[in-house]
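# Report on the structure
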Amino acid sequence: MASSRKGFRLDRLGGVIAVLIGLALFAAPFATYRANRIVSGEPRMLLDALPPGLASGVLAAALAVAVMAATLRAAPVRLAAAGLGFAAVAPAMGMAALFLTPEGNTFARVSPAFGFWLLMLAFGLLVADSLTRLRLGPWGRLAALGVAAAFVALLLLSGAWSGLSIIKEYAARSDSFWREAGQHLLLALGSLSAALLVGLPTGLLCHRLPRLRSGTLQVLNVVQTVPSIALFGILMVPLGYLAATVPLAAALGIRGIGAAPALVALFLYSLLPIVANTVVGLGQVPAAVVEAARGMGLSPRQRLLQVELPLALPVILAGVRIVLVQNLGLATVAALIGGGGFGTFVFQGIGQTAIDLVLLGAIPTVALAFAAAVVLDAAIELANGTSHD
Amino acid sequence: MTRPSSLLRVAALALLAVFVTAPHLFAFAFEPLTENEAPAIYNQGSLLSLTLSHLVTVFGATLASTAVAVLLGVFVTRPSGLEFLPLSRSLVHIGQTFPPIAVLAIAVPLVGFGAKPTLIALFLYGLLPIFENTLTGLTQVSPLTLEAAKGMGMSPRRRLFEVELPLALPVILAGVRLSVVINLGTATIGSTVAAKGLGEVIIAGLQSNNTAFILQGGLVVALLAVLIHDGLMTVERAAARKLGGFAGVS
Amino acid sequence: MIEIERLTKRYGNSTVVDGVTMRVEEGSIAVVVGTSGAGKSTLLRMINRLIEPTSGRVLIDGQDTMSVPEDELRHRIGYVIQGYGLFPHRTVAENIATVPRLLGWNRKRIADRVEELLDLYQLDPAEFANKYPHELSGGQQQRVGVARALAARPALLLMDEPFGALDPVIRAKAQDDLLAIQRRLGTTIVLVTHDMEEAFHLGDRIAVMDQARLLQYAPPAELLTRPAEAFVERLVGSAERPFRLLSLSTVRDATEPGPASGEPIEASANLREALSRLVWCGRDALPVAGADGAVMGRVSIDGILRFGRPSR
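The model shown is predicted, which means the values in this text are computed figures rather than measured ones.

## Considerations on the packing of aromatic side chains
- Using the criterion set out here, one finds 12 aromatic pairs over all chains in the structure.
- With centroids separated by 5.1 Å and ring planes inclined at 55 degrees, the aromatic side chains of Phe19 of chain B and Phe26 of chain B adopt a geometry described as tilted.
- Phe26 of chain B sits in the buried class, given a relative accessible area of 19%.
- Between Tyr42 of chain B and Phe213 of chain B, the ring centres sit 5.4 Å apart and the planes meet at 75 degrees, which makes this aromatic pair edge-to-face. Of the two residues, Tyr42 of chain B sits in the loop between α2 (27-30) and α3 (47-77) while Phe213 of chain B sits in helix α10 (residues 211-241), which places them 171 residues apart along the sequence.
- What makes Tyr42 of chain B buried here is its relative accessible area of 6%.
- Across from the ring centre of Trp105 of chain C, 3.7 Å away, lies the NZ or CZ of Arg109 of chain C, which sits over that ring.

## A closer look at the domain arrangement of chain A
Residues and elements named next belong to chain A.
- What the domain assignment reports for chain A is domain 1 (12-171) and domain 2 (174-388).
- Using C-alpha coordinates to define each centre, domain 1 is positioned 34 Å away from domain 2.
- With 16 residues of domain 1 at the interface, the matching set in domain 2 holds 20 residues.
- Counting the surface domain 1 buries against domain 2, the share from its top three residues, Leu145, Ile166 and Tyr170, is 36%.
- Where domain 1 packs against domain 2, one counts 2 salt bridges.
- When the shortest N-O distance is used, the salt bridge between Asp356 and Arg34 registers 2.6 Å.
- The tally of links from domain 1 across to domain 2 stands at 6 residue pairs in polar contact (both at pLDDT 80 or more).

## Section: the pattern of salt bridges
- With the rule as written, the count across this model stands at 35 salt bridges over all chains.
- Residue Arg23 of chain C is joined to Glu3 of chain C by a salt bridge in which the shortest nitrogen-to-oxygen separation is 3.9 Å. Residue Arg23 of chain C is located in strand β2 (residues 14-24), and its partner Glu3 of chain C is located in strand β1 (residues 2-11); the two are separated by 20 residues in the primary sequence.
- Between Glu240 of chain C and Arg272 of chain C there is a salt bridge, with the nearest N and O atoms lying 3.8 Å from each other. Within this pair, whereas Glu240 of chain C is found in the loop between α11 (230-236) and α12 (241-247), its partner Arg272 of chain C is found in helix α14 (residues 271-281), the two being separated by 32 residues in sequence.
- Residue Glu240 of chain C is classed as partly exposed on the basis of its relative accessible area of 33%.
- Within this structure, Arg158 and Glu162 of chain B together with Arg90 and Arg101 of chain C form a network of salt bridges that share partners.

Parameters at a glance
- Residues numbered from 1 in each chain as written.
- Chains lettered and ligands numbered in written order.
- Predicted model: local features only at pLDDT ≥ 70, side-chain atom pairs only at ≥ 80, totals over all residues.
- Heavy atoms only, no water.
- Phe/Tyr/Trp six-rings, centres within 6.5 Å; stacked < 30°, edge-to-face > 60°.
- Buried < 20%, exposed > 50% of the residue type's maximum accessible area, 1.4 Å probe, protein only.
- Helix = DSSP H or I, 4+ residues; strand = E, 2+ residues; numbered from the N terminus.
- Lys NZ or Arg CZ within 6 Å of the ring centre and 35° of its normal.
- Domains from an automatic or database assignment.
- Contact = heavy atoms within 4.5 Å.
- Buried area = accessible area lost by both parts, 1.4 Å probe.
- Salt bridge = Lys/Arg side-chain N within 4 Å of Asp/Glu carboxyl O.
- Polar contact = N/O pair within 3.5 Å; in protein donor to acceptor, adjacent residues only side chain to side chain.

In structure tokens:
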């Protein structure tokens, strides 16, 4: 790998990123201005969205990132370039909101427009590319996630974005936001915990009794195939019946509508990845290792806890990752049947054609799913590291 | 494939066909679920046409995703596109953490209500599993086989069409199946943004508090999804069988 | 005839093949041996331009390989690799038909050729033509691999460890089959192996490579009796030397007049086999029988041993 050829060489991906940045700056609006929260917006280009001095500063910074992306190949430099891009453009969005909103007008709304999102995409690509090239270890990736989270938290807490429409939507319902956030996590994590409690023993059983295996997995596979909203709907009938006929069930909060069918459905969806990965994980423990453990006189229980489960852990964790990411997304749909969660804002927003309300629900959902994926990927890699040493 | 299971398939398909063409035959089963003289069978449109437009949406979007994803997959595995391969892998890995519903929700502000945001969401989300599986399929073709093909003087184009793609086919098909199944679900939710599809029945039930609608909508969607999944699985198995066993990528 | 002239391959600063010059006569088998990493496979793959040489050239029947488009060149050269690289999605018949199809032969001609090759390799066309590679045993796959390489009647066959994946019994049979077919078709073969036994069994000439260089290229007997370097001597195995030498001569060469008792030995057997028989049955000599079964003389231990020494 000695590509020590001298001279200028255009990086092709960097070139693509530079083109994206160019398009975002000169061919797409940076912000959208609306007289109130539901009318359609008017686009504002970057140069019109900020005071001239600031606008040219942001423009220069973004162009510098484009040039660096296209010409410099060292991953750390590109990562720094992307950082510069984010640091210049993200706060500028907040400034644009303040600049575009007329003094004292509380109805006007300013939202990020296509150009802003395209810039975020371009910088994000640059980050993803440099992180891929740096081959960060699990701790490195967790640290990168932490830095990103801290950056967003700083922007939110410092009030730099408080002029933005989405933050205004939040401010108008900050109580219900955190309540729905809690509900969202409860739905996703509650169903995951229940699935682990049921799925791990089931997986173990399927591993020990091959006759049980294909039937169980087939049934779970069919469940997994049923679209979420259909499964929610189908579950409403028996749960409603249960609530109507068994007073205890009703007293426990089980109702045909609301969180109960959502929780049950998410639980059912979670079973396949957990059970299947437990079976696969246990199945791929080398027979020689189990035989050796037996030869050394470990009891079946000790073999399971000290040998088989630790060796199967990475695969089981991979199942947990699938479930968690999937459930964090699917929990959004629960709002349709009154189950709460971030979906509440999404569907309210769709109903009111209030775009920023939709985003208030969608963006945290995406962020949560993304963070969960990064954390669990790191956990899988760490578990892999320990089981292979 | 045993006899009882294929019998079950035919029965399920027949049931679905009869139900969507003549739902009134089943009114007796749904009547107990209704209250206050509400209709037991969906009456705001024909189930058949909803089913058809649902299928057109899903398959149209998946077809487009397949074309684009396979082209992209081929591009990043050719020598000229190889430098995009690592990034592509990371991007599909990250991209699939995006909930399909979020993609739908974000598409609405961009293009408005109706079939468009649904199609866009289905197309975009459908790209990921197919692209990922195309990469997997094309990169796992045995280097020995490729060496032999090259050694016999097959041009790069022939190697792609006669060796690499046929060998990657079962894995690519698995990606298509995943996309279709996810899209069937997302298209159902698409009804909340006014796309024509089976979600309408469920949404109408939720809005009018009519459990009968919710259940029949849910059952039709579920049955459709299970049958399509099963059918695609069969195609995949057939493609994999002659390669010496079922790859079983899910 | 293949002429390799000062063929060199470098990757960055490391030289994988260093100025190799050798010539393979029409209809003969040249075996390239050496430790792994010696550059054997690279040398072979430069002949059909799977690897482009850094410098030097290869002439096939006087024509520079660089003057032919690479795919066209490869259509004319059979190529067999370890593991064979059969197309898993194509039947045995389709696999064999690969190059004829690339050359645009008509359907009838292809079908005839496939059947002919299956017969040649003792694979019943009715049974095997429509099987897929994964349904074949290792030995059958190997035969299909060679049949596929011979399909378009190439004058030259390149083989890279073609028997490496076979167990010893099947391997010996496959080597004998290859020899028989090569004698029949007169194909020129360049074969790479790290198995010295195989090299002595198959090679008309053996090329010994080490660390990118060709150390010696000579007939097997010369390699044993006059090794050019210490490495060659080590590679051919000092302890094995006499026996290898014996295996290169036949009983016919050592037949002397005179009587002997016991089961006659065939004149076409090699001397190593003959010695082994004599030691085993505890005799000093055995009668020699010609192809027709008539006794034509005898072979003795003393007579054999003379062939196991360099100065004869």
